[in-house]
Amino acid sequence: MFKVLLVDDERIITDGMSKVIQWESIGTHLIGTARNGIEAYSIIEQQKPDIVISDIKMPGMNGIELVSKVNSNFPKIRFILLSGFSEFDYAKKAMEYGVKHYLLKPCNENTIMDAVTDLCNEFKQNQEREQFVNNMKGTLEAVLPYAKEQLLKEFITNHYENKNLDYYQKLFQLEVNTSRVRLLLFQLEGNFQFEHMFAIKNIAEHIFSSYLLSCTVGETILFLLNDDYITANLHAEIELIKSTFYQYYQIDTTVAISEAGNLLNANKLYKEALDCLSYRFYLGEGGVIMKKDIAYQSHSDGAEFYYDDQNFCRLVKSGSWDDVKDELITFFNRLTELRLDINNTKSYVFQLFNSMIRLCEPREMNKYLTRLSYLLEMDTIQNVEALFESVAHAITTSFYEKNKNKHSAIINKVIEIIDTHLGTQHLSLHWVANEMLYMNADYLGKLFKKETGEKFSNYLTRLRIEMAIKLIENENDVKIFEIAEKIGYGENPQYFSQVFKKYTGYTPSEYKRESLQGL
C-alpha cells in the first residue's frame, strides 16, 4: 500500500475526498489530512507519504512552496496539485519540480483516482527497475571472481593490446598500478583435493600485499602480483603462506616464481614459471624456485652423459649390495649435477633400469617391468632414485642368494625366526640374540651381515616391505593400518608409511592406487 496525504485549507474538500474515494481499491492508504503547507510538512517529516494531494492556494505555505521544500528534502515523494483555472502560472512553476499531475477544481473522485493510480504504477515500475538493477549487481558480484579468473587464463594463453587491457581493468575493477608484474605457480605435493587448492588460494589472497588476480590452471594455482616487492619480502610472504597451509592440512607446497615483466607478456612469464616448476624434479619438493636457481642449466646444454651399464650389471650379479649402492649414488649424483632436459635424464634412468632387470629370470623381469611405468611418471629425481634403489637391492640380493651355497645353521635359524615372527612388533636383532638364540647380539649381527650381505635391520625392513607389497597387490580391500599390524608396525602406521615410501617411492595409498590402475 502506498501512503497518501491530503492537504487543503477547505475542510469540506478534505473530508469529502477522504470519504468518497475508495483508497484501498487502488492500492493506497490515506494517512491523514492537513489544512496548510506548514501542517502538511510536519506530517511529511514524520510519516513520509508516497503521494501528496494538495491545493495550490493556501495560507501560511502554499502548495508550490510545499512542493519546493519537499522536493529538496524528500525527492521521491510525488504531488498531485489542485487549483482553479486562473492559477495556471502556479501549475507551470510546479512542473519545474517534476509535478506531472495538475487537476482543475472542481474535479470528481474518478479524476483523482486516475491520477493516483498513474503515480502508483510509476512507483511500481521504479521498484521493479531498482529490483532488476540490484539483481544484476548481485549476479555480477557473484560471477566477478570467476570472470577475473577467466581473464587471467586468457592473458596466459592470448596476447592483448593496451586498449583491451584498459577495457578489462575497468570491467573487472582491477587496479594494475604498474606495468611490471610477476607470476607465481603453487604446486601441492602428494595427495590433495580441489578444496586444498581453494584453501591455499584463499590464504594467499589475504597474505600477498601486492595481489592482483589468481586462478587454478590444471593442478597448479597461479597468482598475478604487482612487482613492487623486495625479494626478501616476497619470499617471507610465500613462506608464511606455505607454513599456514601446512599447519591446517599437513601438505607441502612447491612454488615457482617468474621474472618481473610487462603484464601484456603474461604468456611468456607463465612459461617461465612453468620451466622453474619443472625443475622441482632436481631440486626436490617443497622449495621456492626462481630463474636464477636453474640459470646454469644452459651451461649443460649439449652435454652428454656416458655411463657403463655393463659394469653396473656386473656389480649386481656379484651380489655385493654395498658396491651396487655406491654406484647408484654416483650415477644419480652425476645426473643431478648435469640437470639435463628432464626427458633425457629419465631416458638414461630407463636404459640402466632396463639393463638391470634383464639380468633376472623372465618371471622376475616381468614383475619389475611394471615398476618401470611408475619410475617414468615420478616427478622428482629423489623419488626415482628411491624406487630404483629398492628394485636394485632386491635383484642384487637374489643374486647373492644364488651365489652362496648355503647359510650357516645359525643364520638359517635367524631367518627362520624372522619369517615366523615377521608381524611381531618387538622383533629385533637383540631380541633374536637374547631371547631366542642366547648369544651376543653384536657377534650375531656381524655374522648375519657376512652371510647375507646386508645388515639385520635392513633385511628385516626389506622383508616387511615386500610382504606389504604382496598384501596390497593381492588384497584389494586391505586397509593400511591392517597391513601395518600384520608386518610389525601396528603401533605406528605413520612410520610404516614413511619406510614404505623410502623403499618404493610411493606411500602405501599411492602404491595401492597405482597397482589397481595397472590391473
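Above this text is the structure in question.
Being a predicted model, the structure only gives us computed values, none of them experimental.

Asker: Please set out the sheet that holds strand E3 (residues 51–55) residue by residue, giving values where relevant.
Answerer: Taken together, the five strands give an open sheet; going across it, the order is E2-E1-E3-E4-E5, and neighbouring strands pair in parallel fashion. Strands at the two margins of the open sheet, each flanked by one partner only, are strand E2 (28–34) and strand E5 (101–104). Averaged over all pairs of adjacent strands, the angle between strand axes in this sheet comes to 20 degrees, irrespective of strand direction. Direction of pairing for strand E4 (residues 78–83) relative to E5: parallel, over a ladder of four bridges. Within E5, the position partnered with leucine 82 by the bridge is leucine 103. Running over the sheet, helix H3 (residues 63–73) touches E3 and E4 and is turned about 170 degrees from E4.

Asker: Lay out the layout of surface pockets in plain terms, naming residues and giving numbers.
Answerer: The volume enclosed by the largest pocket comes to roughly 930 Å³. Glu364, Lys367, Tyr368, Arg371 and Ile469 are the residues nearest the centre of the largest pocket, which is lined by 32 residues in total. Its residues assigned to classes, the lining of the largest pocket comprises 14 nonpolar, eight polar and 10 charged.

Asker: With reference to specific residues and values, describe the packing of aromatic side chains.
Answerer: For the coordinates displayed, the defined rule picks out 22 aromatic pairs. Summarising the aromatic geometry, the rings of phenylalanine 208 and phenylalanine 223 are spaced 5.6 Å apart at their centres and angled 65 degrees between planes, so their arrangement reads as edge-to-face. A residue pair is termed long-range when its members are at least 10 positions apart, and phenylalanine 208 in the loop between helix H7 (194–207) and strand E7 (211–217) and phenylalanine 223 in strand E8 (residues 220–226) qualify at 15 residues. There is no split in this pair, since phenylalanine 208 and phenylalanine 223 are both buried. Between phenylalanine 353 and phenylalanine 388, the aromatic rings sit 5.4 Å apart at their centres with planes inclined by 85 degrees, giving edge-to-face as the arrangement. Highlighted residues: phenylalanine 353 in helix H14 (residues 342–357) and phenylalanine 388 in helix H16 (residues 381–403), separated in sequence by 35 residues. An identical accessibility class is assigned to phenylalanine 353 and phenylalanine 388; each is buried. Put simply, the rings of Tyr374, Tyr489, Tyr495, Phe496, Phe500, Tyr506 and Tyr511 touch in pairs and so form one group of aromatic residues. Sitting above the plane of the tyrosine 41 ring, lysine 69 keeps its charged end 4.3 Å from the centroid.

Asker: Go over empty space enclosed by the protein, please, and point to the residues and values.
Answerer: Evaluated as defined, the whole model comprises two cavities of 30 Å³ or more. Size it by volume and the second largest cavity reaches roughly 40 Å³. Forming the walls of the second largest cavity are Gly319, Trp321, His393, Thr396, Thr397, Tyr400, Thr452, Gly453 and Glu454. The element that contributes the greatest number of residues to the lining of the second largest cavity is H16, accounting for four residues.

Asker: Can you tell me about the pattern of salt bridges, naming the residues and giving the values?
Answerer: Evaluation of the coordinates by the stated rule reveals 15 salt bridges. In this structure, glutamate 205 and lysine 201 form a salt bridge, with 3.0 Å as the shortest nitrogen-oxygen distance. One end of the pair, glutamate 205, and the other, lysine 201, are both in helix H7, four residues apart, so they sit about a helical turn from each other. For lysine 201, a relative accessible area of 10% translates into the label buried.

Asker: Outline unusual backbone geometry, listing residues and values.
Answerer: Backbone geometry places arginine 339, a non-glycine residue, at a positive phi of 50 degrees. Structurally, arginine 339 is set in the loop between helix H13 (321–338) and H14. Here arginine 339 falls in the buried class, since its relative accessible area comes to 11%. With phi around 55 degrees, tyrosine 438 is a residue other than glycine that occupies positive phi space. Within the secondary structure, tyrosine 438 sits in the loop between helix H18 (429–437) and helix H19 (441–452).

Asker: Go over the packing of helix H17 (residues 409–420) against helix H20 (residues 456–474), please, and point to the residues and values.
Answerer: Following both chains from N to C, one finds H17 and H20 inclined at 40 degrees, their axes separated by 11 Å at the closest point. As judged from the angle between their axes, H17 and H20 are oblique. Crossing of H17 against H20: the hand is right-handed. Residues Val414, Ile415, Ile418 and Asp419 of H17 form the contact with H20, whose participating residues are Phe456, Tyr459, Leu460 and Leu463. For the contact of H17 with H20, the residue count by class is seven nonpolar, no polar and one charged.

Asker: Would you mind going over the nonpolar core in detail, with residue names and values included?
Answerer: Judged by nonpolar contacts, the single largest core of 69 residues is most densely connected at Met356, Phe388, Ile395 and Phe496. The greatest single-element share of this core, amounting to nine residues, is contributed by H16.

Asker: Give me the lowdown on H20, citing residues and values where you can.
Answerer: Every α-helix winds through 3.6 residues per turn, so residues three or four apart in the chain are directed the same way. For H20, which comprises 19 residues, the first-to-last C-alpha distance of 27 Å matches the rise-based estimate of 27 Å (1.5 Å per residue) to within 8%. Residues of H20 that are buried include every one of Phe456, Tyr459, Leu460, Thr461, Arg462, Leu463, Arg464, Ile465, Ala468, Ile469, Leu471 and Ile472, and no others.

Asker: An account of the environment of leucine 234 is requested, with residue identities and associated values reported.
Answerer: Relative to the helices and strands, leucine 234 resides in helix H8 (residues 231–249). Each C-alpha atom, one on leucine 234 and one on serine 210, is 9.5 Å from the other, the two residues being 24 residues apart in sequence. With near-sequence residues (within four places) excluded, leucine 234 lies in contact with Arg182, Leu184, Phe208, Leu225, Tyr229 and Ile257.

Asker: Quick rundown of H7? Include the residues and the values.
Answerer: With 14 residues, H7 extends 20 Å from end C-alpha to end C-alpha; this agrees with the ideal 20 Å at 1.5 Å per step. Where H7 is concerned, the buried positions are His196, Met197, Ala199, Ile200, Lys201, Ile203, Ala204 and Ile207.

Cut-offs applied
Residues numbered from 1 in each chain as written. Predicted model: local features only at pLDDT ≥ 70, side-chain atom pairs only at ≥ 80, totals over all residues. Heavy atoms only, no water. Pairing = 2+ DSSP bridges. Helix = DSSP H or I, 4+ residues; strand = E, 2+ residues; numbered from the N terminus. Axes fitted to C-alpha atoms, helices over the stretch in contact; angles between N-to-C directions. Contact = heavy atoms within 4.5 Å. 1 Å grid on protein atoms, 1.4 Å probe; cavity = no way out; pocket = protein on both sides within 12 Å on 5 of 7 lines; lining within 4 Å. Points joined across faces, edges and corners; volume = space filled by probe spheres on them. Nonpolar A, V, L, I, M, F, W, Y, C, P; charged D, E, K, R; others polar. Phe/Tyr/Trp six-rings, centres within 6.5 Å; stacked < 30°, edge-to-face > 60°. Buried < 20%, exposed > 50% of the residue type's maximum accessible area, 1.4 Å probe, protein only. Lys NZ or Arg CZ within 6 Å of the ring centre and 35° of its normal. Salt bridge = Lys/Arg side-chain N within 4 Å of Asp/Glu carboxyl O. Parallel < 35°, antiparallel > 145°, perpendicular 65-115°, else oblique. Left-handed = near helix turned anticlockwise from the far one by under 90°. Core = buried A, V, L, I, M, F, W, Y, C linked by side-chain atoms within 4.5 Å. Expected span 1.5 Å × (residues − 1).

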